[in-house]
Amino acid sequence: RAADMQLSYAAGFLLVPGALDGNPVRQLLDTGSQASSVTPAAAERLKLDRSIRRTLVHGIGGDVVTADVELASFAVGPLRMVERTLAVAPVEQIPGVPPVSGIVGADFLTDFDLDLDPRHRLLTLFRTRHCGTAFAPWQNAGAPLALLAPGRHLVAIDVQIDAQTVGALVDT
C-alpha cells in the first residue's frame with residue numbers, strides 16, 4: 001500500500017489533493033489522460049518556472065502546442081515526485097466542479113493499482129511491483145478482466161453493446 005487519500009466527488013468527476021512545488025492544489029483524477037498537466041491559471045498564480053521545451057497536447061477540443069513548467073516537486077496526496085516537467089494545458093471549467101489546478105494522468109498513475117471508492121470518497125494506491133499474481137487487497141473476490149492496451153498508459157476492456165463487442169477506454 002503506497003497511499004490512502006480522500007477524494008472529492010463533484011458532478012461525476014473525482015478530485016484529489018496534491019501540491020505543485022509545495023503549494024497545495026486540487027487536481028482532476030483522469031485515468032484516460034496519458035499525461036499529467038498544470039492549468040495556465042495555476043502556472044501563473046504559483047509563478048511556476050516555464051521551460052523552453054514545448055509539448056503537443058492532444059485533447060477532446062483538438063491539439064495545442066504548449067510550454068512546459070519545471071517543477072521541483074509534484075505531489076498527489078502524500079506521494080511526491082521530484083524534478084518533474086509538466087505540460088501547461090487548459091482544463092475546461094466543468095459546471096458543478098470546483099476549479100482545478102491540473103490533471104493527474106496515467107503517467108503518474110501507471111506505477112500503481114488504484115482502488116477507487118467514490119461512495120466513501122477514498123482513493124488507495126498500491127505499489128504492485130514484486131507482489132506476484134495473487135495480489136488482492138480487498139476482501140471480496142473480484143472478477144478478472146482481460147485488459148487491452150490501445151496506447152501508451154491507456155487501459156481498455158471489451159464490453160458488449162447490443163450484442164456487439166467493442167473496446168471501451170477505462171477512464172475516470
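Keep in mind it's a predicted model, so treat the numbers as computed, not measured.

A. View of the nonpolar core. Among the nonpolar cores identified, the biggest contains 26 residues, and L20 and F108 are the most heavily contacted of them. Counting residues per element, the ones that place at least two in this core are β1 (3-6), β3 (13-20), β4 (23-29), α1 (40-45), β7 (62-76), β8 (79-88), α2 (106-109) and β11 (122-126). The greatest single-element share of this core, amounting to four residues, is contributed by β7. In this structure, L15, L28, V97 and I103 belong to the second largest nonpolar core, which totals six residues.

B. Expanded view of the environment of T124. Examined against the element boundaries, T124 turns out to sit in strand β11. Accessibility expressed as a relative area gives 4% for T124, which makes it buried. The contacts of T124, once residues within four sequence positions are left out, are R1, A3, D4, D113, L114 and D115. A polar atom in the side chain of T124 sits 2.7 Å from the side chain of D4.

C. Expanded view of the packing of aromatic side chains. Across all of its chains, the model carries two aromatic pairs by this definition. Arranged with centres 5.9 Å apart and planes meeting at 90°, the rings of F74 and F108 form a pair that is edge-to-face. Placement of the pair is F74 in strand β7 and F108 in helix α2, with a sequence separation of 34 residues. The exposure classification of F74 matches that of F108, with both residues buried. Summarising the aromatic geometry, the rings of F108 and F112 are spaced 5.6 Å apart at their centres and angled 40° between planes, so their arrangement reads as tilted. By the burial criterion, F108 is buried, and F112 matches it.

D. Structural context of the pairing of β1. Alternating positions in β1 separate cleanly, A3 and M5 being buried on one face and D4 and Q6 remaining unburied on the opposite face. As paired elements, β1 and β11 share four bridges and run antiparallel to each other. Within β11, the residue paired with M5 across the bridge is L123.

E. Quick look at the sheet that holds strand β13 (residues 156-161). Overall, antiparallel pairing links the three strands, which are arranged β12-β13-β14 in an open sheet. Both outer strands of the open sheet, β12 (147-148) and β14 (164-169), are each paired with one neighbouring strand and no more. Of the strand pairs in this sheet, β13 and β14 are connected by six bridges, and their pairing is antiparallel. Its bridge partner lying in β14, V159 is registered against V166.

F. Structural detail: unusual backbone geometry. In the Ramachandran plot, D21 falls in the positive-phi region, its phi being about 50° despite a non-glycine side chain. With respect to the element layout, D21 can be found in the loop between β3 and β4. Residue class for D21 comes out partly exposed when judged on its relative accessible area of 29%. Notably, R121 is not glycine yet its phi reads approximately 55°, a positive angle. Checked against the element boundaries, R121 lands in the loop between β10 (113-117) and β11. Classification of R121 by relative accessible area gives partly exposed; the value is 39%.

Cut-offs used in this document
Residues numbered from 1 in each chain as written. Predicted model: local features only at pLDDT ≥ 70, side-chain atom pairs only at ≥ 80, totals over all residues. Heavy atoms only, no water. Core = buried A, V, L, I, M, F, W, Y, C linked by side-chain atoms within 4.5 Å. Buried < 20%, exposed > 50% of the residue type's maximum accessible area, 1.4 Å probe, protein only. Helix = DSSP H or I, 4+ residues; strand = E, 2+ residues; numbered from the N terminus. Contact = heavy atoms within 4.5 Å. Polar contact = N/O pair within 3.5 Å; in protein donor to acceptor, adjacent residues only side chain to side chain. Phe/Tyr/Trp six-rings, centres within 6.5 Å; stacked < 30°, edge-to-face > 60°. Pairing = 2+ DSSP bridges.

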